[in-house]
Amino acid sequence: MIKIENPVLPGFQPDPSIIRVGEDYYMATSTFEWFPGVQIHHSRDLKHWRLIARPLSRLSQLDMVGNPDSCGVWAPCLTYDKGTFYLVYSNVRSFDGVWKDVHNYLVTTQDITGEWSDPIYLNSSGFDPSLFHAPDGRKWVVNMLADHRDNRLFGGIVLQEFDPDAGKMTGSVHMIFEGEGIKNVEGPHLYYRKGYYYLLMAAGGTEYDHCAILARSRDITGPYQAHPGNPVLTTKGHPDWPLQKAGHGDLVEAPDGHWYIAFLCGRPLSTLGRCTLGRESSLAPVEWGDDDWLYLTNGIQMPDPAFSISGEEVPFPQPVERHDFDTTELPEEFQSLRVPITPDWANLEERPGFLRLYGRESLSSFHYQSLLARRLQHFDATAATALEFQPQTFQQMAGLVAYYNTGHFYYLHITWDEHRQKRVLDLIACDHYAMSHPMSQCIDLQVDGRVELKLHFNHAELQFFYRKEAGDWQKAGPVLDGSILSDDYIMEQCGRYLPAFTGAMVGICCQDLTGARKPADFDWFEYKAV
């Protein structure tokens, strides 16, 4: 037996889309403003997963320069048909007020770990597009309809045929489901089974009222009848359940005929509290009843924190904790903000054994930051780095960052104090776009040489450290509130219409606000679960 513990993809891995090809499972998740776009993980046993691809790796596929926080790639849909993998995704360009500017695209490949095609434009009527391969060979796209009238936003689910030969949408647009009293219907996926077309959707918003609902029809264009037991998956009304915010799912059938739902969830630090790890991806067994409706196998609406299935485990090697930057490839877990990682700003060759980051724009920029980060995936974890950096002005900075978005981050960095004519260590806290300096004064550093920086996330507490030339770790500033790096905090403070859908990231960065592109050299980066 295999015991599967949820979440199977921990830390900022929302909106799972899952498929099986032979004995292999693949799961795609949203990446929002982080580049390359879309993460695809692979498994042979539903328990062990490893990152194998980020398919949107070129500007021709994904241009996010200027995209606001938590926009970019939403809710990818991964499918497979006759030797070809299909990936449909949104690029959300704005999400402010009543207008939601979003464009939907399709890319394909025959090798899921290889190059993906340039995109085919689909539509711009709403987000969360999904591609369905019908039994008769036709292909259809469903997506939520963005309705700006009266601040509705969620206008229902629409369907239109896609012509793969012509590479474009064709025929009439059909409104197939308007919600039937359930708010915020989105994230649609279509399936066909025993003469029914099934429409699985997310609803209720992405917070603690989130859920997954189901409807079906004999005709693909409707009308669709809602499941009498909706929602089929939710934790609403059960604040002590370990997996909260359950919803936005996708179905997969195993080789033995058993079915599973992949879904997003959150693990709050306190009851209905903040989720610093963001929205994560989990699995639950489901089954088809005698009435041909879908139900969780456990007989309730809440997914179990763990469950067992038959079979043998197929594990993968453990992730590398420390990267010494002595290869020609960056750590696979690193992503950048909005733009491709290119040698003109992130370089492993100019100084072998080091990652050189050229200073560019500030941490509040929507355009050209020099920042590389990975997901925080554990409640108790450390991240550390060693760098060499010789700033000449206070506008030049480099160091270690705990980051949520352009308005919420903590940044321990080397910079220059022009009053004392010293190289110093400073700490910036950004909370609701307001900057502060939690240390009473900057820490003096030697004239040159490397400095090692570390942060420790312990649930809501965040503590920074530093040391010079491998001495003892010293605290840098007070214990900070790490829980502000969460969807929940930002929505509490800034309002629902400021999107906040990602999770805490930890990484390294360099800024040069003079425009001189002063570089910093990073010797290594390490992430450890405590």
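One structure accompanies this document, and this report is about it. (Residues numbered from 1 in each chain as written. Predicted model: local features only at pLDDT ≥ 70, side-chain atom pairs only at ≥ 80, totals over all residues. Heavy atoms only, no water.)

### A word on the overall build of the chain
And step 1. Summing up its helical and strand segments, the chain has 1 helix and 41 strands in all.
And step 2. Its C-alpha atoms give the chain a radius of gyration of 23 Å, within 12% of the compact-globule value 24 Å for 530 residues.
And step 3. The burial tally for the chain puts 60% of its 530 residues in the buried class.
And step 4. Residue pairs in contact within the chain that sit at least 24 positions apart in sequence constitute 58% of those at least 6 positions apart.
And step 5. Averaged over its 44 positive side-chain charges, the chain has a centre that lies 1 Å from the centre of its 69 negative ones. (Helix = DSSP H or I, 4+ residues; strand = E, 2+ residues; numbered from the N terminus. Rg over C-alpha atoms; globule rule 2.2 N^0.38 Å. Buried < 20%, exposed > 50% of the residue type's maximum accessible area, 1.4 Å probe, protein only. Contact = heavy atoms within 4.5 Å. Lys, Arg positive; Asp, Glu negative; His and termini not counted. Charge placed at Lys NZ, Arg CZ, Asp CG, Glu CD.)

### Describing the sheet that holds strand S8 (residues 84-92)
And step 1. Ordered by their spatial adjacency, 4 strands build an open sheet running S7-S8-S9-S10, and the pairing between neighbours is antiparallel. This sheet does not close on itself; its edge strands, each paired only once, are strand S7 (72-81) and strand S10 (120-123). Within this sheet the neighbouring strands show an average axis-to-axis angle of 25°, counted without direction.
And step 2. Note: strand S9 (residues 102-109) against S10, 3 bridges, orientation antiparallel. Looking at the pairing, Tyr105 lines up with Tyr121 of S10. (Pairing = 2+ DSSP bridges. Axes fitted to C-alpha atoms, helices over the stretch in contact; angles between N-to-C directions.)

### Points about the nonpolar core
And step 1. The biggest cluster of nonpolar side chains holds 97 residues, and the ones touching the most others in it are Phe177, Phe464 and Ile508.
And step 2. Discounting chain neighbours no more than four positions away, the residues touching Phe177 are Gly156, Ile157, Val185, Leu199, Met201, Ile213, Ala215, Tyr224 and Ala226.
And step 3. Grouped together as the second largest cluster of nonpolar side chains are 21 residues, Tyr191, Trp259, Phe263 and Trp288 included. (Core = buried A, V, L, I, M, F, W, Y, C linked by side-chain atoms within 4.5 Å.)

### Things to note about the environment of Leu269
And step 1. Along the chain, Leu269 falls in the loop between strand S21 (259-266) and strand S22 (280-288).
And step 2. The class for Leu269 is partly exposed, based on a relative accessible area of 27%.
And step 3. The spacing of Leu269 and Lys82 is 187 residues in sequence and 44 Å in space, taken between C-alpha atoms.
And step 4. Not counting the four nearest positions on each side in its chain, Leu269 is found in contact with Arg274, Thr276, Phe379, His459, Ala460 and Ser483.

### Re the sheet that holds S22
Hydrogen bonding along the main chain pairs the strands of a sheet, whether they run parallel or antiparallel.
And step 1. The strand order across the open sheet formed by 4 strands is S20-S21-S22-S23, and the pairing between neighbours is antiparallel. Only two strands of the sheet have a single neighbouring strand rather than two, namely strand S20 (244-253) and strand S23 (294-296). Here the average twist between neighbouring strands, direction ignored, is 40°.
And step 2. In this structure, S21 lies alongside S22, joined through 7 bridges in antiparallel fashion. When the bridges of S22 are listed, Cys265 appears paired with Glu280.

### What about the side chain of Arg450?
And step 1. As for its position among the elements, Arg450 is in the loop between strand S35 (443-444) and strand S36 (451-458).
And step 2. One polar contact links Arg450 to Glu388, side chain to side chain, over a distance of 3.4 Å.
And step 3. The contacts of Arg450, once residues within four sequence positions are left out, are Phe354, Ala386, Leu387, Glu388, Glu469, Asp523 and Trp524. (Polar contact = N/O pair within 3.5 Å; in protein donor to acceptor, adjacent residues only side chain to side chain.)

### A short note on the side chain of Thr235
And step 1. Inspection of the secondary structure assignment puts Thr235 in the loop between strand S19 (233-234) and S20.
And step 2. Look past the residues within four positions of Thr235 in its chain and what remains in contact with it is His210, Trp241, Leu243, Gln244, Lys245, Ala246, Met302 and Pro303.

### A closer look at the pairing of S22
Each regular strand shows side chains that alternate between the opposite faces of the sheet.
And step 1. Burial analysis of S22 places 7 of its 9 residues in the buried class, the great majority of the element.
And step 2. Where S22 hands over to S23, the hairpin turn is made up of 5 residues, of which Asp292 adopts a positive phi near 65°.

### A word on the packing of aromatic side chains
And step 1. As enumerated under the stated definition, the model contains 22 aromatic pairs in all.
And step 2. With a centroid separation of 6.1 Å and 55° between ring planes, the pair formed by Phe32 and Trp74 is classed as tilted. Of the two residues, Phe32 is situated in the loop between strand S3 (24-29) and strand S4 (34-35) and Trp74 in strand S7; the sequence distance between them amounts to 42 residues.
And step 3. Stacked on the ring of Trp293, the Lys or Arg Arg216 has its end atom at 4.0 Å from the ring centre.
And step 4. Stacked on the ring of Tyr527, the Lys or Arg Arg374 has its end atom at 3.7 Å from the ring centre. (Phe/Tyr/Trp six-rings, centres within 6.5 Å; stacked < 30°, edge-to-face > 60°. Lys NZ or Arg CZ within 6 Å of the ring centre and 35° of its normal.)

### Some remarks on unusual backbone geometry
And step 1. Between Gly222 and Pro223 the backbone carries a cis peptide bond, its omega angle lying at 5°.
And step 2. For the bond running from Asn230 to Pro231, omega is -5°, close enough to zero to count as cis.
And step 3. Mapped onto the elements, Pro231 comes out in the loop between strand S18 (225-226) and S19.
And step 4. At Leu272, a residue that is not glycine, the phi angle is positive and equals roughly 55°.

### A few points about the pairing of S9
And step 1. Pairing analysis gives 8 bridges linking S8 to S9, with the strands arranged antiparallel. Across the sheet, residue Ser90 finds its bridge partner in S9, namely Asn104.

### Focus on the environment of Thr382
And step 1. Assignment of secondary structure puts Thr382 in strand S30 (residues 380-388).
And step 2. On the basis of relative accessibility, which here comes to 15%, the residue Thr382 falls in the buried class.
And step 3. Note: C-alpha distance between Thr382 and Phe464 (82 residues apart in sequence) is 9.6 Å.
And step 4. Apart from the residues within four sequence positions on either side, Thr382 is in contact with Lys454, Leu455, His456, Glu526, Tyr527, Lys528 and Val530.

### What about the environment of Ile508?
And step 1. Mapped onto the elements of the fold, Ile508 is located in strand S40 (residues 505-512).
And step 2. Owing to a relative accessible area of 0%, Ile508 belongs among the buried residues under this scheme.
And step 3. As a C-alpha pair, Ile508 and Tyr89 span 419 residues in sequence and 28 Å in three-dimensional space.

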